[in-house]
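Letter by letter, the chains look like this.
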Amino acid sequence: MINKTIVKGLNGKITVPGDKSISHRAVMFGALAEGKTTIYGFLKGEDCLSTINCFRDLGVQIKVDQDKVEILSEGISSFKQPLSPLNVGNSGTTIRLLMGILSNINFPTTLIGDSSISKRPMKRVIQPLRQMGAKIEAKANDNLTPIKIMGTQLKGIDYKLSVSSAQVKSALLLAGLFADGITTITEPEKSRDHTERMLSNFGVEVNWHPDSLKISLKGKQKLQAKTISVPGDISSASFFIVAATIVPNSDIIIKNVGLNPTRTGLIDVLKTMGASITVENIQGEGYEPYGDIRVKSAQLKGIVIGGEIIPRLIDEIPILALAATQATGTTIIKDAQELKVKESNRIETVVNELKNMSADISSTDDGMFIKGCSNLKGTRVDSHNDHRIGMMLKIASLVAEGQTIVDNENVINISYPHFNQDLKSLLE
Ligand code: S3P
């Protein structure tokens with residue numbers, strides 16, 4: 001069991017697993033393309049395996065060998081009606097993007113998931129899809145699973161998103177890809193743009209610019225099969241970036257981490273707070289840039305985090321909250337109400353579990369308020385079946401006095417099956 005007294009610092013090099021968002025999309029786009037798509041560096045976590053299983057149930061041939069995936073498809077028109085409901089497990093990306101794809105198909109489908117998915121809002125995708133002509137039904141006033149999709153020919157729309165969500169944006173772009181006419185989406189703030197980048201890579205004409213909030217594409221386009229290399233997931237790396245920052249005497253390198261600017265908000269914020277982070281060997285410009293991240297221990301200071309940076313670090317807020325407990329002064333996280341509809345209500349789960357460990361933290365309507373330099377105390381805490389809460393608590397145990405036991409820790413397999421091995425290697 002790890003606790004502060006036995007941790008001498010994190011040292012060494014690790015390579016985090018493939019990016020979850022990009023792995024999902026690579027499977028989906030490979031299934032939609034005609035020919036053979038090969039994916040290297042695929043994240044073999046439970047969420048991305050749920051995506052593979054759904055496409056296998058739709059009749060697509062997919063071979064998985066470690067982190068290499070081969071997809072053989074003849075495109076959307078070759079999909080077969082599944083024999084039972086498609087089960088997305090815990091994966092919000094799978095269900096929302098599939099809704100966009102399946103709305104255009106000429107047979108009915110039903111989407112189900114686990115108990116966390118059954119609480120997450122789907123109306124944000126259903127409403128605009130209906131405007132495109134989709135025939136969809138869902139529970140609880142069109143919001144919750146199971147989702148029944150009849151399948152019909154859609155038409156393009158011009159739609160302004162009310163929340164900045166890459167899942168909703170991507171669902172609508174995928175629906176627009178097979179619809180009649182043009183689909184244009186405008187976001188309130190820039191969310192991750194992996195769909196736009198990968199569609200271009202698969203030969204689709206997308207009107208899009210990395211700095212623009214507007215994306216449009218013409219329907220009835222074909223995707224060409226591709227070879228895709230998935231960079232390491234910066235959201236997975238973030239746990240070790242924070243760990244090396246807050247544990248004294250640390251100096252680590254994380255290799256081949258995805259550096260798409262829509263995902264690097266955590267690095268920007270930690271640097272402003274005083275972290276020692278350098279990025280080296282940047283490659284892959286244009287498609288999905290990646291590089292090596294070196295992190296050394298540093299004393300952080302509290303800041304206010306809010307506004308347009310929030311979508312660039314939305315999944316990193318649990319680990320950022322832990323970093324703030326070790327910073328001098330106060331950190332305020334605001335404009336982050338989306339946290340309430342993630343795998344758990346992350347405002348509630350982060351605040352309650354860190355409070356259990358004696359942090360000075362309280363929730364607000366759109367974020368949290370954290371007073372710094374807490375002496376955390378080890379105790380029994382719970383992941384609430386949320387992978388990012390589980391990993392954040394494991395890192396918290398490194399700076400806590402006494403023993404920390406994380407209940408329901410296995411949920412970490414959703415996005416980072418080798419998390420514990422990587423952590424152990426940095427502590428040796
Ligand atoms: C994701 C988008 C984000 C993020 C999620 C993955 C994606 O969700 O939190 O982990 O792959 O598109 P929202 O679209 O709900 O913001």
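About the cut-offs
Residues numbered from 1 in each chain as written. Predicted model: local features only at pLDDT ≥ 70, side-chain atom pairs only at ≥ 80, totals over all residues. Heavy atoms only, no water. Helix = DSSP H or I, 4+ residues; strand = E, 2+ residues; numbered from the N terminus. Rg over C-alpha atoms; globule rule 2.2 N^0.38 Å. Buried < 20%, exposed > 50% of the residue type's maximum accessible area, 1.4 Å probe, protein only. Contact = heavy atoms within 4.5 Å. Areas by Shrake-Rupley, 256 points an atom, 1.4 Å probe, with all protein chains shown as cover. Lys, Arg positive; Asp, Glu negative; His and termini not counted. Charge placed at Lys NZ, Arg CZ, Asp CG, Glu CD. Axes fitted to C-alpha atoms, helices over the stretch in contact; angles between N-to-C directions. Parallel < 35°, antiparallel > 145°, perpendicular 65-115°, else oblique. Core = buried A, V, L, I, M, F, W, Y, C linked by side-chain atoms within 4.5 Å. Domains from an automatic or database assignment. Buried area = accessible area lost by both parts, 1.4 Å probe. Salt bridge = Lys/Arg side-chain N within 4 Å of Asp/Glu carboxyl O. Polar contact = N/O pair within 3.5 Å; in protein donor to acceptor, adjacent residues only side chain to side chain. Nonpolar A, V, L, I, M, F, W, Y, C, P; charged D, E, K, R; others polar. Near = heavy atom within 4 Å.

Notes on the overall build of the chain
At step 1: When its secondary structure is counted, the chain shows 13 helices and 22 strands.
At step 2: A globule of 428 residues ought to have a C-alpha radius of gyration of about 22 Å, and the chain, at 21 Å, matches this closely.
At step 3: Judged by the C-alpha coordinates and their principal axes, the chain covers about 60 × 45 × 40 Å.
At step 4: Every one of the 428 residues in the chain was classed for burial, and the buried ones make up 58%.
At step 5: Within the chain, contacts between residues separated by at least 24 positions form 74% of all contacts whose residues are at least 6 apart in sequence.
At step 6: A total of about 16,200 Å² of accessible surface is found on the chain, and carbon and sulfur atoms cover 46% of it.
At step 7: Distance between charge centroids for the chain: 1 Å, based on 49 positive and 45 negative side chains.

Overview of the packing of helix α3 (residues 92-102) against helix α4 (residues 123-131)
At step 1: The geometry of α3 relative to α4 is characterised by a closest axis approach of 10 Å and an angle of 10 degrees between their N-to-C directions. Classed by the angle they form, the pair α3 and α4 counts as roughly parallel. Judged by residue contacts, Arg96, Met99 and Gly100 of α3 engage Arg124, Val125, Ile126 and Leu129 from α4.

Some thoughts on the nonpolar core
At step 1: By size, the foremost hydrophobic cluster in this structure holds 71 residues, and its most contacted members are Phe240, Ile241, Leu270, Met368 and Ile395.
At step 2: With residues up to four places along the chain from it excluded, the contact list for leucine 270 reads Ile241, Val242, Ala275, Ile277, Leu300, Leu320 and Ala323.

Comments concerning the domain arrangement of the chain
At step 1: Partitioning the chain into domains gives domain 1 (2-17 + 231-427) and domain 2 (20-229).
At step 2: Relative to domain 2, the C-alpha centre of domain 1 lies at a distance of 29 Å.
At step 3: Carbon and sulfur atoms supply 49% of the area that domain 1 and domain 2 bury against each other, a total of about 2,300 Å² over both sides.
At step 4: Our count for the contact surface shared by domain 1 and domain 2 stands at three salt bridges.
At step 5: Across the salt bridge formed by arginine 120 and glutamate 343, the nearest N and O atoms sit 4.0 Å from each other.
At step 6: Taken together, the connections running from domain 1 to domain 2 amount to 13 residue pairs in polar contact (both at pLDDT 80 or more).
At step 7: Of the residues contributing to the side of domain 1 that touches domain 2, the split by class is 10 nonpolar, seven polar and nine charged.

Examining the site of the ligand
At step 1: With respect to spatial proximity, the complete set of residues near the ligand consists of Ser21, Arg25, Thr93, Arg96, Ser165, Ala166, Gln167, Arg192, Ile314, Asp315 and Lys342.
At step 2: Glutamine 167 is positioned such that a nitrogen or oxygen atom in its backbone is 2.8 Å from an oxygen atom of the ligand.
At step 3: Relative to its unbound accessible surface of 380 Å², the ligand loses 94% to contact with the protein.
At step 4: Of all the elements in the fold, those that place two or more residues in the shell around the ligand are α1 (20-32), α3 and α6 (166-177).
At step 5: Here the shell around the ligand is built from residues that sort into two nonpolar, four polar and five charged.
At step 6: Both of domain 1 (2-17 + 231-427) and domain 2 (20-229) provide at least three residues apiece to the shell around the ligand.

A look at the environment of isoleucine 241
At step 1: Within the fold, isoleucine 241 resides in helix α8 (residues 234-246).
At step 2: For the pair formed by isoleucine 241 and isoleucine 395, sequence separation is 154 residues and the distance between their alpha carbons is 10 Å.
At step 3: Setting aside anything within four residues of it in sequence, one finds isoleucine 241 in contact with Ile254, Leu266, Ile267, Leu270, Ile277, Ile293 and Val295.

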